[in-house]
Every structure is written in structure tokens, then in C-alpha cells.
Number of protein chains: 2
Amino acid sequence: MEPRVTLITLGVSDLTRARTFYERLGWRGQEAEETVFFQGPGHAIVLWSRAKLADDGALHDDGADAFGGVALAHNVASREEVDRIVEDVIDAGGEVTKPPAETFYGGYAAYFRDPDGHVWEVAHNPSFTLHADGTLTLPDFGAR
Amino acid sequence: MEPRVTLITLGVSDLTRARTFYERLGWRGQEAEETVFFQGPGHAIVLWSRAKLADDGALHDDGADAFGGVALAHNVASREEVDRIVEDVIDAGGEVTKPPAETFYGGYAAYFRDPDGHVWEVAHNPSFTLHADGTLTLPDFGAR
């Protein structure tokens, strides 16, 4: 297995509500088989019924939208871009759990939850290389 | 905000256990500041203390490793590759929740949970374009 993710599927309770939230952020999806697909650079983000996802994976689900221990980061090129996106998130009805602030690693970041509780971090981290196409390359940490 | 994920952070209760699991699958990480980073094609997968992640994002966390409504897909080029990876996952101590099987969309897939309950799907989907570098392009669904 290689270290890579090709699709990130977010289980949602109301597909229209979830799609509307992300489209208000400027995304444009394609819907097929009651699933909404958004193409990213080299991967895709998918909205699908949480109940169907749990059933598909034979996963026990208590249906809560509690923190699931996963955060999706959206790295951007500047602090101003963090601020601007957070304003868009608020306008779209997202819940900002942590407003933009300095981070311990010398960056600037905020966190929000989408309407189903999925957690995003919007971050500017000057030590990571963000390419023009939106992809990211880690530094050599000089670590083991 | 663009439709893209740059980092996928998986909150873990035991960093060494989590790192060992993924390294037994063949991944090679770098550790810095009690965080393990794996470089993927254009994005990175990060292992970090679940408690620290929740604290960083000002997120309420009941600490459960229940299904969080997110599935990370690892698309591969053949059915045989799905089978092979699932064998590796079992050897590494992962919990296969759904053994490899035909899917409703004409593909072949399995699901597993990592030691912290994070859900992965290993899938061969002939209708998605999987590039040599491991990135994925969605088809035009001809949909709205």
C-alpha cells in the first residue's frame, strides 16, 4: 500500500444541505447516484449518505456527528487567504471552532466544522511548499 | 476555497502503534514534534495525538474511536492489488470490516479500520482514471 488518498468521502445526513454548503464556498460538484463528487488536484472529495457509507463498509455507526478524530487541512498561500476563507465559511453557515490565529509551528490557521461536523483546518504554513496547482510537498524534517 | 485537501490528519491515541501499523504497510514517515508525516502525491497524511488535535482545533472530543463518518479511499489499478493490500493490512493488524467484494458501481473493494478506528476503503474502480503517480481523475458523469 502506498501512502496516498485518492478519495475522501464525507458521510452526510442531508446531501443537498452538504452540497449547498460546499458550493457556497465556490466548489462545483457533479452528482451521480445520490453522490456528489468534487475534483481536487489529484484526488476527489465525495459527499455521500453517512448511513449508506457505513452500510457499504460494514461499519457500526451510532450516527453522531461528534468529532471523529480526523481533520482535513486546506493549506493556502497567505494569512490573508486564511482570513478570507473563514469569512466565506461563516457566510456559508459553517461553524468556526477556532478563529484564525498564530500556530505553534510559526503559521496561521483556523478550524471549522461543516454542517455534518466534519473538521477542516485552513492553514498557512510557510515551512510547507504549496504549489500553484494546490498540491503540497512536505519539507525534509531531517528526522528519522 | 478550492476543492482540495492538502493534509489529512488522523488523530491517534498511541503514535508509535499508529506509525508502526502504517510502516508495516510499507509507508515511510518522518517524525517531528511528536507528529508523523507521510508524503503522498500532492498531499500528506499526518499522524498526531487525537487529544492534541482536538485541543488545537478547539473541538469537543469524547475520545471514542467510533466511526466518524469519514472514509479515505486508496484506489488501485487492479482487483489483485486490492486482495494483496488487504492481506498486508491483516498482517499489519488492521481490522477488515468488509472483505474484498464486487461493488454496486462495477468495481471491487474492501474496507478496513486502522488501530485508531480510522476507515479506509481499498478500491479498484475501472470508471475512475488512476494515473501512474497514484493520483486520480474523476470521469465526466454527464450530470448536473
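Everything numeric here is computed off the predicted structure, so don't read it as measured data.

The rules behind each value
- Residues numbered from 1 in each chain as written.
- Chains lettered and ligands numbered in written order.
- Predicted model: local features only at pLDDT ≥ 70, side-chain atom pairs only at ≥ 80, totals over all residues.
- Buried ≥ 20, exposed ≤ 12 C-beta atoms within 10 Å, placed from the backbone.
- Helix = DSSP H or I, 4+ residues; strand = E, 2+ residues; numbered from the N terminus.
- Pairing = 2+ DSSP bridges.
- Least-squares fit on C-alpha atoms with pLDDT ≥ 70 in both.
- Axes fitted to C-alpha atoms, helices over the stretch in contact; angles between N-to-C directions.
- Contact = placed C-beta atoms within 7 Å.
- Expected span 1.5 Å × (residues − 1).
- Arc of directions from axis to C-beta.
- Nonpolar A, V, L, I, M, F, W, Y, C, P; charged D, E, K, R; others polar.

1. Considerations on the pairing of strand β4 (residues 44-49) of chain B
Residues and elements named next belong to chain B.
Phase 1 of the analysis: Among the 6 residues of β4, 5 are classified as buried, and the element is accordingly described as predominantly covered.
Phase 2 of the analysis: Both strand β1 (residues 7-12) and β4 contribute to a ladder of 6 bridges, which runs parallel. For T9, the partnering residue across the bridge sits in β4 and is V46.
Phase 3 of the analysis: Across 4 bridges, the pairing between strand β3 (residues 35-39) and β4 is antiparallel. Looking at β4, one finds that Q39 is bridged to A44.
Phase 4 of the analysis: In sequence, β3 turns back onto β4 through a hairpin of 4 residues, with G42 there showing a positive phi of about 95 degrees.

2. Points about the relation of the copies chain B and chain A
Phase 1 of the analysis: The operation relating chain B to chain A is a screw motion whose rotation component is 180 degrees, with 0.0 Å of axial translation and a residual RMSD of 0.0 Å. One copy is carried onto the other by what is essentially a two-fold rotation axis. Among all residues of chain B, the one whose C-alpha sits closest to the rotation axis is G68 of chain B, at a distance of 1.9 Å.

3. Considering the sheet that holds strand β5 (residues 70-75) of chain B
Phase 1 of the analysis: The strand order across the open sheet formed by 8 strands is β2(A)-β3(A)-β4(A)-β1(A)-β5(B)-β8(B)-β7(B)-β6(B), and the pairing between neighbours is mixed. Across the chains shown, the open sheet's two edge strands, defined by having one partner strand only, are β2 (30-32) of chain A together with β6 (95-102) of chain B. The sheet shows a mean angle of 20 degrees between the axes of neighbouring strands, direction not considered.
Phase 2 of the analysis: Most of the contacts of helix α1 (residues 15-24) of chain A go to strand β4 (residues 44-49) of chain A, to which it runs at about 155 degrees, and overall it touches β1 (7-12), β3 (35-39) and β4 of chain A.

4. Concerning the environment of H74 of chain B
Phase 1 of the analysis: Checked against the element boundaries, H74 of chain B lands in strand β5.
Phase 2 of the analysis: Separated by 37 residues in sequence, H74 of chain B and F37 of chain B place their C-alpha atoms 17 Å apart.
Phase 3 of the analysis: Those residues in contact with H74 of chain B, other than ones at most four positions away along the chain, are M1, R4, V5 and T6 of chain A together with W120 and V122 of chain B.

5. A look at helix α3 (residues 79-92) of chain A
Residues and elements named next belong to chain A.
Phase 1 of the analysis: Under the 1.5 Å per step criterion, the end-to-end length of α3 is 20 Å for 14 residues, consistent within 8% with the ideal 20 Å.
Phase 2 of the analysis: Taken together, the buried positions of α3 are V82, I85, V86 and V89. All buried residues of α3 fall inside an arc of 105 degrees around its axis, so they share one side. Those residues of α3 that are exposed and aimed more than 90 degrees away from the buried face are E80, E87 and D91.

6. Notes on the interface of chain B and chain A
Phase 1 of the analysis: Listed by partner, the interface residues are 62 residues for chain B and 63 residues for chain A.
Phase 2 of the analysis: With 6 residues, the single largest contributor to the side of chain B that touches chain A is β5 of chain B.
Phase 3 of the analysis: Here the residues of the side of chain B that touches chain A are counted per class, giving 31 nonpolar, 20 polar and 11 charged.
Phase 4 of the analysis: Where strand β5 (residues 70-75) of chain A and β1 of chain B come together, 4 bridges link them in antiparallel fashion. Paired with A73 of chain A across the bridge in β1 of chain B is L7 of chain B.

7. Side note on the sheet that holds β1 of chain B
Phase 1 of the analysis: The 8 strands are arranged β6(A)-β7(A)-β8(A)-β5(A)-β1(B)-β4(B)-β3(B)-β2(B) in an open sheet whose pairing can be described as mixed. Each end of this open sheet is capped by a strand with a single partner; those strands are β6 (95-102) of chain A together with β2 (30-32) of chain B. Taking the axes of each pair of neighbouring strands and ignoring which way they run, one obtains an average angle of 20 degrees across the sheet.
Phase 2 of the analysis: For strand β7 (residues 108-113) of chain A and strand β8 (residues 119-124) of chain A, the ladder comprises 6 bridges, and the chain directions are antiparallel. Residue pairing for β8 of chain A: Y111 of chain A is matched across the bridge by E121 of chain A.
Phase 3 of the analysis: Together, β1, β3 and β4 of chain B form the strand contacts of helix α1 (residues 15-24) of chain B, whose direction differs from that of β4 of chain B by roughly 155 degrees.

8. Quick look at α1 of chain A
All names here are of chain A.
Phase 1 of the analysis: Within the sequence span of α1, burial applies to A18, F21 and Y22. What you see down the axis of α1 is that its buried residues fit within an arc of 90 degrees, all on one side.
Phase 2 of the analysis: Where α1 is buried, its residues meet β1, β3, β4 and α3.
Phase 3 of the analysis: Downstream of α1 by a residue or two, G26 has a phi angle that is positive, lying close to 105 degrees.

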